[in-house]
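Chain and residue survey
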Amino acid sequence: MRHFFSRRVRAVMIISLVIAVLLAVAGNLTGKNYPAMAVQTVLAPLRTGAKVLTDQAEQIYDLIFQYELLKTENSRLKEELSQLKQDAREKDSLIRENERLRKLLELKAKHEDYELVDSYIIARSSMDWSSTLTINRGSSSGIEVGMCAITENGEVVGLVTEVGSNYAVVATVLDSSIGISATIAGTYYSGIVSGGYASGHPGMLRMEYLRSDAMIRSNDQVVTTGSTVYPRNLILGHIVDAGYNDVGDAKYAYLKPAVDINNLEQIFILTDYEAE
């Protein structure tokens, strides 16, 4: 077997030598370099393939480079958009605050005896019967338990029930533990307003102990009667429904609160006023 392969190798070498000699003779006779031409013939497809691969590699590199540029640009645009949104929120917040302060000045112009401490809501809690807000002002700002919280429009928010040095908790008008003496504006019909959760109307206020002959109309405004806690004519809400109690000797009414508790940002604590 070894001799067989040796004979084949010698045969290939002899044939290759003969071809080389023939190509050299032919080249001398014709003036052409047939060996070089043969090499070029063999290499031409390889060079073409190599060029195609090189071109594709360059295209892939360009795509990767463009992708990185787009990725960087996209990141920058996202940051700019985020900043623009933040600026817009801050601008809107300042506009709302300026509007609140403008209305507060109007309120103080009507009630020069009002002593108010401004505060921002930092926490909320709402659990069935209970509805509270925590504000960023406390005893160091002159706030005490039992003080009334209102909006810049003179609407009742609730009552201070807990005070720390730099915070206070306000039970809102929706809290079932709060009862406020109230009157239907423009009438002598009075009653007590509290949160409507216990009667199956969460988010509403219920006015109890109205006279059985009271003439109650939808959208009538209900205001505070006036006491040592709540000044007179603070707005509680507007009547949306009414009826008789179970015995039939008195009426009740449901009110839509004047204040949207869930969207409050800033409230004012009434630290002092002249009771009528």
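I will try to describe carefully the structure that is included in this document. (Residues numbered from 1 in each chain as written. Predicted model: local features only at pLDDT ≥ 70, side-chain atom pairs only at ≥ 80, totals over all residues. Heavy atoms only, no water.)

Our focus in this paragraph is unusual backbone geometry. Look at Asn219: it is not a glycine, yet its phi comes out positive at around 75°. The residue Asn219 is located in the loop between β8 (205-211) and β9 (221-224) in this model. In this structure, Asn233 is a non-glycine residue whose phi angle is positive, near 70°. (Helix = DSSP H or I, 4+ residues; strand = E, 2+ residues; numbered from the N terminus.)

Enumeration according to the criterion identifies three aromatic pairs in this entry. Aromatic side chains Tyr114 and Tyr273 sit 6.5 Å apart centroid to centroid with 80° between the ring planes, which places their arrangement in the edge-to-face category. Placement of Tyr114 in the loop between α2 (34-110) and β1 (115-127) and of Tyr273 in the segment after β12 (266-272) is noted, with a sequence separation of 159 residues between them. Here Tyr114 matches Tyr273 in class, with each residue buried. A cation over a ring is seen here: Arg206 above Tyr252, with NZ or CZ 4.1 Å from the ring centre. (Phe/Tyr/Trp six-rings, centres within 6.5 Å; stacked < 30°, edge-to-face > 60°. Buried < 20%, exposed > 50% of the residue type's maximum accessible area, 1.4 Å probe, protein only. Lys NZ or Arg CZ within 6 Å of the ring centre and 35° of its normal.)

Along the chain, the position of Leu174 falls in the loop between β5 (168-172) and β6 (180-184). In the structure, Leu174 is positioned 31 residues away from Leu205 in sequence and 6.5 Å away in space, judged by C-alpha atoms. In this structure, Leu174 is in contact with Trp129, Ser131, Gly195, Gly203, Met204, Leu205, Pro257 and Ile261, ignoring residues within four places of it in sequence. (Contact = heavy atoms within 4.5 Å.)

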